[in-house]
Amino acid sequence: MELRQAHIIITGAGSGFGKAMALYFSSKGASVFALDINGTSLSKLKKEDKTVHTYTCDVSNNGDVEEVVDTLFQNHSGINVLINNAGIMKNAPLVNVLNRPDGRHSMALWDEVIQVNQNGVFYMARSFINNMIKKRNKGVVINMSSIAATGNAGQTAYSASKAAVEAMTKVWAKELGVFGIRSVAIAPGFMNTMGTHEALEKTMLDKWVSKTPLNRTGAIEEVILAAQFAIENDFYNGEVLGLNGGLVL
Amino acid sequence: MEKINHILADTLKIPFERTKENLGMDDVDHWDSLSHMNLIVAIEDAFGIELSGDDIAEMTTFNAIRTTISKYI
């Protein structure tokens, strides 16, 4: 698929990877529908590129997702790409021995991460694919995973949610190929984004960089190139595209 | 004490000289809940002891670690 023919829904498009992808793909002639829970961030995005369509949407709320996605398909023809980018990163050990008397992993934190990262992707894809099949549109679902999907100490919920995202990606590739719809995941390692700097202390990030063979964090532009490849290469399906500078956890 | 200091330096990745100070978790970059368990296991192996849950939770400064170990040896 050529970018000029792409009509792309991007979740979490108010900041970070999502915003960068929205602006880039729009500049390349794609139609972009930017979704985010934060209306203020979407307003800023709209000021930077008036051609981007913006919609406030909480991906962890299925009612919200169905309303926005159905509206998009009713009002716009040719929608053919979904980038499930929205996500949160919260860290905690399974049992924190320093917290007495109960150091068990917070249930609220577990539920929050799974609800956004795993269920949010499921809600979006379920609604998107339903509309795609009804319209007989062909295209691709791109799910943002993470190097943590293989299991990262201190990230039970985050790692589990991303492993689930990769599993769903592979299932959908098998189920949806018959409709001409592909499903791929992109699994970045440690990237130079605001989110990374907010989630990790500098010393921890420095440790991961020193373990990365290329000895640096990845750039947002490199994630955009991976997403562009996933859109443009019509034979790429059911795969997880690692983007980690050679780092293995 | 020399033995404890070597464990602290190796596990928490700090210069050996700094193990002579009474540093706490907030003072050492690599000392979090995960590295704390590595530290506990290293201490138990080195001294042939088994620390209680309360001991583990209270060993959050170098002085507290030394005091706790001295109860067992």
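Residues numbered from 1 in each chain as written. Chains lettered and ligands numbered in written order. Predicted model: local features only at pLDDT ≥ 70, side-chain atom pairs only at ≥ 80, totals over all residues. Heavy atoms only, no water.

Chemist: Help me out: how do you make sense of the overall build of chain B in this one?
Modeler: When helices and strands are counted, chain B shows four helices and zero strands. Ordered by position from the N terminus, the helices and strands of chain B form the series α-α-α-α. With respect to the principal axes defined by its C-alpha atoms, chain B has extents near 25 × 25 × 15 Å. A total of 73 residues make up chain B; the buried ones form 44% of that total. Restricting to contacts in chain B with at least 6 residues of sequence separation, those with at least 24 account for 51%. (Helix = DSSP H or I, 4+ residues; strand = E, 2+ residues; numbered from the N terminus. Buried < 20%, exposed > 50% of the residue type's maximum accessible area, 1.4 Å probe, protein only. Contact = heavy atoms within 4.5 Å.)

Chemist: Looking at this structure, how should I read unusual backbone geometry?
Modeler: A negative phi angle characterises most non-glycine residues, just as the trans form characterises most peptide bonds. All names here are of chain A. Note the cis peptide between R100 and P101, where omega equals 5°. Along the chain, P101 turns up in the loop between β4 (81-84) and α4 (107-135). Even without being a glycine, R136 presents a positive backbone phi close to 60°. Here R136 is to be found in the loop between α4 and β5 (139-144).

Chemist: Can you help me understand the UniProt feature "domain: Carrier" (unreviewed entry) in chain B in this one?
Modeler: Within this numbering scheme, the UniProt entry marks residues 1-73 of chain B as carrying the feature "domain: Carrier" (unreviewed entry). For residues 1-73 of chain B, the helix share is 59%, the strand share is 0%, and the end-to-end C-alpha distance is 12 Å. (UniProt positions renumbered as here; feature names shortened; annotations may be inferred.)

Chemist: Sorry if this is basic, but what is going on with the interface of chain B and chain A here?
Modeler: In many reports, interface size means the accessible area that the parts give up when they come together. Each side of the interface is counted separately: chain B has 13 residues, and chain A has 10 residues. When the area that chain B buries against chain A is broken down by residue, the three leading residues are S33, L34 and A57 of chain B, summing to 42%. Summed over the shared surface of chain B and chain A, the result is one salt bridge. Of all elements in the fold, only α2 (33-47) and α3 (53-58) of chain B reach the threshold of two or more residues within the side of chain B that touches chain A. Residues that form the side of chain B that touches chain A fall into these classes: five nonpolar, five polar and three charged. (Buried area = accessible area lost by both parts, 1.4 Å probe. Salt bridge = Lys/Arg side-chain N within 4 Å of Asp/Glu carboxyl O. Nonpolar A, V, L, I, M, F, W, Y, C, P; charged D, E, K, R; others polar.)

Chemist: Can you help me understand helix α7 (residues 202-211) of chain A in this one?
Modeler: Along an α-helix, residues three or four apart share an orientation, since each turn contains 3.6 residues. Listed as buried for α7 of chain A are L205, W208 and V209 of chain A. In a view along the axis of α7 of chain A, the buried residues occupy a sector of 100°, so they form one face of it. (Arc of directions from axis to C-beta.)

Chemist: When you look at the pattern of salt bridges in this model, what are you seeing that I'm missing?
Modeler: Side-chain pairs of opposite charge can arise whenever the charged atoms involved come near each other. Overall, the coordinates contain 11 salt bridges over all chains when judged by the stated rule. D54 of chain B is the partner of R100 of chain A in a salt bridge, and the nearest nitrogen-oxygen pair spans 2.6 Å. Of this pair, R100 of chain A sits in the loop between β4 and α4 while D54 of chain B sits in helix α3, each in a different chain. R100 of chain A gets classed as partly exposed once you look at its relative accessible area, which sits at 46%.

Chemist: Is there a simple way to explain the packing of helix α1 (residues 16-27) of chain A against helix α8 (residues 220-232) of chain A in this structure?
Modeler: To characterise two packed helices, one gives the angle between the axes of the helices and the distance between these axes. Residue and element names in this part refer to chain A. Orientation of α1 relative to α8, taken along the N-to-C sense of each, is 60°, at an axis distance of 10 Å. Relative to α8, the element α1 lies oblique. In this structure, α1 crosses over α8, and the sense of that crossing is right-handed. From α1, G16, F17, A20, M21, Y24 and F25 reach across to α8, where they touch I220, V223, I224, A227, Q228 and I231. Its residues assigned to classes, the contact of α1 with α8 comprises 10 nonpolar, two polar and no charged. (Axes fitted to C-alpha atoms, helices over the stretch in contact; angles between N-to-C directions. Parallel < 35°, antiparallel > 145°, perpendicular 65-115°, else oblique. Left-handed = near helix turned anticlockwise from the far one by under 90°.)

Chemist: Even after reading the chapter, I still don't get the sheet that holds β5 of chain A, so can you show me in this structure?
Modeler: Strand pairing in a sheet relies on backbone hydrogen bonds, with the paired strands running either antiparallel or parallel. Residues and elements named next belong to chain A. Strand order in the open sheet formed by seven strands is β3-β2-β1-β4-β5-β6-β7, and the pairing between neighbours is parallel. What marks the edges here is a single partner per strand, and that holds for β3 (53-56) and β7 (240-243). Put simply, the sheet's adjacent strands are angled 15° from each other on average, direction ignored. Relative to strand β2 (residues 31-36), strand β1 (residues 7-10) runs parallel, the two sharing four bridges. Residue pairing across strands places H7 opposite S31, the latter belonging to β2. Contacting β1, β2, β4, β5 and β6 (181-188), α4 crosses the sheet at an angle of about 175° to β4. Together, β1, β4, β5, β6 and β7 form the strand contacts of α8, whose direction differs from that of β5 by roughly 150°. (Pairing = 2+ DSSP bridges.)

Chemist: It is not clear to me how the nonpolar core should be interpreted in this structure. Could you clarify?
Modeler: Across soluble globular proteins, you tend to see nonpolar side chains buried next to one another. Residues and elements named next belong to chain A. Residues I8, I10, F25, V81, I142 and I231 are the most contacted members of the largest nonpolar core, which totals 33 residues. Within the residue set of this core, elements represented by two or more residues are β1, α1, β2, α2 (39-48), β4, β5, β6 and α8. Take this core: its biggest share by element is six residues, from α8. In contact with I231, other than residues within four places in its own chain, are M1, L3, A6, I8, F25, V81, V140, I142 and R182. The next biggest cluster of nonpolar side chains, apart from the first, holds 28 residues, and it includes L35, A125, M168 and I181. (Core = buried A, V, L, I, M, F, W, Y, C linked by side-chain atoms within 4.5 Å.)

Chemist: Even after reading the chapter, I still don't get the pairing of β3 of chain A, so can you show me in this structure?
Modeler: Both faces of the sheet carry side chains from a regular strand, because those side chains alternate between them. All names here are of chain A. By the bridge criterion, four bridges tie β2 to β3 in an arrangement that is parallel. Looking at the pairing, D36 lines up with T56 of β3. Once the chain exits β2 it traverses α2 before rejoining the sheet at β3, and the crossover so formed is right-handed. (Right-handed = clockwise from strand over helix to strand, strands pointing away.)

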